[in-house]
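For reference, the chains in residue letters:
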Amino acid sequence: MGELTRRSFASKAAACFAALGVVSRLNQNAEAQLVWKTTQWKLASFEELLGEKARVKQLFDITRVEDGASLAKIRNSLNGLHFGFGVPVDQIRMIGGLHGPANLLNYDDYVWSKYKIGAWLKINDPRTREPAVRNPFYQSSFGEGAARITASMDPDDERSPLQDASVQGLQRRGVRFLSCHTALEEQVRQLINYYSLSEAPEAIVSDMLSHTVPHVLVVASMVSAIALLQSEGRYSYVTV
């Protein structure tokens, strides 16, 4: 091999290895999204929650689905505070901080169907008794008109929207739901392993994030959000 040829080969090889290094770094960067920085999410919206003014501010730290029982505890607190303790509705602020398996309650039917969430988390649809291919805990059974709460409603009536423990029903009563970005990243990697999926983690995360249910705020880290909501926001803390 002549000198020019050797030099040409060495130059091409160096360029090739450099390119591979760039690609490797790009791939690492594409997957290294476990921690969001302040500019990557709606920090201002979270700070609004910190600054909420109310007599009672309560934070539910929810990791388990419990066939919807965890959501029912939020409903029970709303009813107990208002009807049992006489706290005006406009003086109650509640947040559902969902992470762990409960984090997936923040995502719509598209996510549950495409990624077979029910089969993965062993959650059955109450309607079919089969692994859920829709989010069975989001949709309220009450339409907009029937969901309107009036002063004359009996909270003991199980057919009343006051007994609605769906995510949508609780949102109508002012409950804010938070989703954990870090939990989602970790769950996607578990999902990939469980179903042997070929997609890159960040592609699936991006797909899911575009399908949160309405009015959900995705925070950078739920455990960090909880700390700030307690220390700065003065929310009382309940874990379920």
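The notes below deal with the structure included here. As the structure is a computational prediction, the values presented were derived from the model and not from experiment. (Residues numbered from 1 in each chain as written. Predicted model: local features only at pLDDT ≥ 70, side-chain atom pairs only at ≥ 80, totals over all residues. Heavy atoms only, no water.)

## With respect to the layout of surface pockets
The condition that has to hold: Only protein atoms enter the calculation, which uses a 1 Å grid: trapped sets of points that fit a 1.4 Å probe without letting it out are cavities, open sets showing protein on both sides within 12 Å along at least five of seven lines are pockets, and any residue with an atom within 4 Å of a point is a lining residue. Grid points are joined across faces, edges and corners, and a volume is the space filled by probe spheres set on the points. Residue polarity follows a fixed list, in which Ala, Val, Leu, Ile, Met, Phe, Trp, Tyr, Cys and Pro are nonpolar, Asp, Glu, Lys and Arg are charged, and the others, Gly among them, are polar. Segments assigned H or I by DSSP are reported as helices when at least four residues long, segments assigned E as strands when at least two residues long, and all are numbered from the N terminus.
What the largest pocket holds in volume is close to 320 Å³. For the largest pocket, the lining is made up of 16 residues, of which Pro136, Gln139, Asp164, Ala165 and Ser166 are closest to its centre. Grouping the amino acids of the lining of the largest pocket by side-chain chemistry returns 5 nonpolar, 6 polar and 5 charged. Its boundaries defined by the atoms lining it, the second largest pocket holds a volume of some 230 Å³. Here the lining of the second largest pocket gets 3 residues from one element, more than from any other, and that element is helix H3 (residues 69-84). Split into classes, the residues belonging to the lining of the second largest pocket amount to 8 nonpolar, 2 polar and 1 charged.

## Points about empty space enclosed by the protein
Summed over all chains, the structure comprises 1 cavity of 30 Å³ or more. In this structure, the largest cavity occupies an estimated 40 Å³ of space. Taken together, Ala147, Ile149, Pro161, Asp164, Gly169, Arg172 and Arg173 form the lining of the largest cavity.

## What about helix H7 (residues 181-195)?
Note the cut-off: Helix span, expected: 1.5 Å multiplied by one less than the number of residues in the helix. For each residue, the accessible area found with a 1.4 Å probe, counting protein chains only, is set against the maximum for its type, and the residue is called buried under 20%, exposed over 50%, and partly exposed in between.
Taking 1.5 Å as the rise per residue, H7 with 15 residues should run 21 Å; its terminal C-alpha atoms sit 21 Å apart, in good agreement. Among the residues making up H7, those that are buried are His181, Thr182, Ala183, Leu184, Glu185, Gln187, Val188, Leu191 and Ile192. One or two residues past the end of H7 sits Ser196, with phi positive at roughly 50 degrees.

## Here's the deal with the pattern of salt bridges
A side chain of one charge can pair with a side chain of the opposite charge if their charged atoms are brought near each other. Our working rule: When a carboxyl oxygen of Asp or Glu is within 4 Å of a side-chain nitrogen of Lys or Arg, the pair counts as a salt bridge.
Within this structure, the stated rule accounts for 8 salt bridges. Salt-bridge contacts for Arg64 lead to Glu66; the nearest nitrogen and oxygen are separated by 3.5 Å. With relative accessibility at 46%, the residue Arg64 sits in the partly exposed group. Overlapping salt bridges bring together Arg64, Glu66 and Lys73 as one network.

## Examining the sheet that holds strand E2 (residues 92-98)
Applied cut-off: Pairing between two strands is assigned when DSSP locates at least 2 bridges connecting them. Between N-to-C directions, angles cover 0 to 180 degrees, with each direction set by a line fitted to C-alpha atoms, over the stretch in contact for helices.
Spatial ordering of the open sheet is given by E4-E3-E2-E1-E5, a layout of 5 strands whose pairing is parallel. If you trace the sheet from one side to the other, it starts and ends with strand E4 (217-219) and strand E5 (236-239), each paired once. Sheet twist, expressed as the average angle between the axes of neighbouring strands with direction ignored, equals 25 degrees. Bridging between strand E1 (residues 56-62) and E2 involves 7 bridges; their strand directions are parallel. Across the sheet, residue Lys57 finds its bridge partner in E2, namely Arg93.

## Considerations on the pairing of E1
Burial runs high along E1: 7 of the 7 residues are buried. Residues Val56, Gln58, Phe60 and Ile62 line one face of E1 and the alternating positions Lys57, Leu59 and Asp61 line the opposite face, and both faces are buried. With 4 bridges joining them, E1 and E5 adopt parallel strand pairing. Within E5, the residue paired with Leu59 across the bridge is Tyr237.

## Looking at the packing of helix H2 (residues 43-50) against helix H9 (residues 222-231)
Inclusion rule: Throughout, a contact is declared for two residues whenever any of their heavy atoms are within 4.5 Å.
Contact geometry of H2 with H9 gives a least axis separation of 9 Å together with a crossing angle of 35 degrees. Here Phe46, Leu49 and Leu50 of H2 come into contact with H9, specifically with Ala225, Leu228 and Leu229. A class-by-class count of the residues in the contact of H2 with H9 yields 6 nonpolar, no polar and no charged.

## Focus: unusual backbone geometry
Phi angles above zero are rare outside glycine, and Lys116 is one such case at about 50 degrees. Positionally, Lys116 belongs in the loop between helix H4 (109-114) and helix H5 (117-121). Positioned with a positive phi, Ser196 is a non-glycine residue whose angle comes to about 50 degrees. By the secondary structure assignment, Ser196 is in the loop between H7 and helix H8 (201-209).

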